[in-house]
Amino acid sequence: MTIPDIIDNQTQKLTDHDSRQILQQTESVKFAVGYFFVNGLQELKQEFSHLNKIQLLIGNQTNQQTIDALMQQEQQPERVRKIIGKRQTPREKQRIVTETQAKIRAALAVPPLTDTTENLFELIQQWLNTGKLEVRVYTKEKFHAKAYLFSYKEGFYGKGIGIVGSSNLTVSGLKNNTELNVLVHGDDNFTQLNQWFDSLWADALPFSQALMQAIQTNWASKIYTPWDIYLKTLYKLVEERLESADTNIIHWDSKLPPLTRF
């Protein structure tokens, strides 16, 4: 397997053909990323088809501004961690999960309305339903690590291989941004990376159902009736007036084209 140890998305992209060779020899993966964008899976979905298990650990970005502010004020990281730890009540954790779900739902509205995007969302739902894909969110301090762990198929040389660096699981992180990732070789190193991942995984909260709900409420998964389309079209025609008018009462005039009756 002739894959450069240094992957910077300049001379070698994380999604280049040579890097995909790793997945061809892999039976399961564990990905830990600070930020996850669903379309990042589009780049790898073909290579994921044969995998038995995909574990995805994502970071919590919902309270990062508060944490950064505390860090700047206190300049005492250990004290800040204790403050954050005291806030990790069950209610606070659930709030973080809910806000993370809302952010992902908002991001799902960004991809273009294409069959490719719709097919991807359907595939992710299948993976979630069968348990092939399991997602958790880390709710403690800022999760800034990016690690991609590939467990080899039985009979292949070695336990697996890791990629550690700066790339998030997004299209930009995988092939567009200037990044710096390094292949981590050796069974001892791979075992240590797995222990690191499993420890964080145990502390994280389940997020598979929340991701499923976010996808199901997205345009690509929802079945819209003609009445829904009619109302959406009508709103778009008067959107600027609604935002600028003193009243929400909009009078129809000749400048507004007629709409087809369903």
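A few points on the structure.

What counts, and where the lines are drawn
- Residues numbered from 1 in each chain as written.
- Predicted model: local features only at pLDDT ≥ 70, side-chain atom pairs only at ≥ 80, totals over all residues.
- Heavy atoms only, no water.
- Helix = DSSP H or I, 4+ residues; strand = E, 2+ residues; numbered from the N terminus.
- Polar contact = N/O pair within 3.5 Å; in protein donor to acceptor, adjacent residues only side chain to side chain.
- Axes fitted to C-alpha atoms, helices over the stretch in contact; angles between N-to-C directions.
- Parallel < 35°, antiparallel > 145°, perpendicular 65-115°, else oblique.
- Left-handed = near helix turned anticlockwise from the far one by under 90°.
- Contact = heavy atoms within 4.5 Å.
- Nonpolar A, V, L, I, M, F, W, Y, C, P; charged D, E, K, R; others polar.
- Salt bridge = Lys/Arg side-chain N within 4 Å of Asp/Glu carboxyl O.
- 1 Å grid on protein atoms, 1.4 Å probe; cavity = no way out; pocket = protein on both sides within 12 Å on 5 of 7 lines; lining within 4 Å.
- Points joined across faces, edges and corners; volume = space filled by probe spheres on them.
- Core = buried A, V, L, I, M, F, W, Y, C linked by side-chain atoms within 4.5 Å.
- Buried < 20%, exposed > 50% of the residue type's maximum accessible area, 1.4 Å probe, protein only.
- Pairing = 2+ DSSP bridges.
- Phe/Tyr/Trp six-rings, centres within 6.5 Å; stacked < 30°, edge-to-face > 60°.

**Some words on the environment of Lys13**
Part 1 of the argument: One can find Lys13 in the loop between β1 (6–7) and α1 (17–24).
Part 2 of the argument: Through-space distance from the C-alpha of Lys13 to that of Lys175 is 5.2 Å; in sequence the pair is 162 residues apart.
Part 3 of the argument: One polar contact links the side chain of Lys13 to the main-chain carbonyl oxygen of Asn9, over a distance of 3.2 Å.

**Topic: the packing of helix α6 (residues 115–130) against helix α9 (residues 208–216)**
Part 1 of the argument: Interaxial distance between α6 and α9 falls to 10 Å at its minimum, and their mutual angle equals 150 degrees. As far as their axial angle goes, α9 and α6 are roughly antiparallel. For the element pair α6 and α9, the recorded crossing hand is left-handed. Taken together, the residues of α9 that come into contact with α6 (itself represented by Phe121, Ile124, Gln125, Leu128 and Asn129) are Ser208, Leu211, Met212, Ile215 and Gln216.
Part 2 of the argument: Its residues placed into classes, the contact of α6 with α9 shows six nonpolar, four polar and no charged.

**With respect to the pattern of salt bridges**
Part 1 of the argument: Summed over the entire model, instances satisfying the criterion amount to four salt bridges.
Part 2 of the argument: Two residues, Lys175 and Glu43, come together in a salt bridge whose shortest N-O distance is 3.4 Å. Separated by 132 residues along the polypeptide, Lys175 in helix α7 (residues 171–176) and Glu43 in the loop between β2 (26–33) and α2 (45–48) bring together distant segments of the chain.
Part 3 of the argument: The salt bridge partner of Glu134 is Arg136, with a shortest N-O separation of 3.6 Å.

**Some details on empty space enclosed by the protein**
Part 1 of the argument: Following the criterion strictly, the structure yields one cavity of 30 Å³ or more and no others.
Part 2 of the argument: What lines the largest cavity is a set of ten residues, and nearest its centre among them are Leu14, Leu23, Leu44, Phe150 and Ile163.
Part 3 of the argument: At the level of secondary structure, the elements contributing two or more residues to the lining of the largest cavity comprise α1 and β5 (147–152).
Part 4 of the argument: The dominant element in the lining of the largest cavity, judged by the number of residues it contributes, is α1, at three residues.
Part 5 of the argument: When grouped by side-chain class, the residues that make up the lining of the largest cavity number eight nonpolar, one polar and one charged.

**Here we look at the environment of Gln216**
Part 1 of the argument: Inspection of the secondary structure puts Gln216 in helix α9.
Part 2 of the argument: In sequence terms Gln216 and Phe121 are 95 residues apart; their C-alpha atoms lie 8.7 Å from each other.

**Description of the nonpolar core**
Part 1 of the argument: The biggest cluster of nonpolar side chains holds 39 residues, and the ones touching the most others in it are Phe36 and Leu169.
Part 2 of the argument: For this core, the leading source of residues is α6, giving five residues.
Part 3 of the argument: In this structure, Val184, Phe190, Leu193 and Ala204 belong to the second largest nonpolar core, which totals twelve residues.

**Observations regarding the pairing of β2**
Part 1 of the argument: Counting buried residues in β2 gives seven out of eight residues, a clear majority hidden from the surface.
Part 2 of the argument: The sheet contact formed by β2 and β5 spans six bridges and is antiparallel. Along β5, the bridge assignment pairs Ala32 with Ala147.
Part 3 of the argument: Two strands pair when backbone bridges link them, and β2 and strand β3 (residues 53–59) are joined in this way by six bridges, in the parallel orientation.

**Description of the pairing of β5**
Part 1 of the argument: Counting buried residues in β5 gives six out of six residues, a clear majority hidden from the surface.
Part 2 of the argument: Here β5 shows a buried face lined by Ala147, Leu149 and Ser151 and a second buried face lined by Tyr148, Phe150 and Tyr152.
Part 3 of the argument: Examined bridge by bridge, β5 and strand β6 (residues 160–164) share five bridges and lie antiparallel to one another. Within β6, the position partnered with Leu149 by the bridge is Gly162.

**Observations regarding the packing of aromatic side chains**
Part 1 of the argument: For the structure shown, the criterion picks out eight aromatic pairs.
Part 2 of the argument: Ring geometry for Tyr138 against Phe143: centres 5.4 Å apart, planes inclined by 50 degrees, an arrangement best described as tilted. Like Tyr138, the residue Phe143 is buried in the burial classification.
Part 3 of the argument: An angle of 20 degrees between the planes, with centres 5.6 Å apart, marks the rings of Phe197 and Trp201 as stacked.

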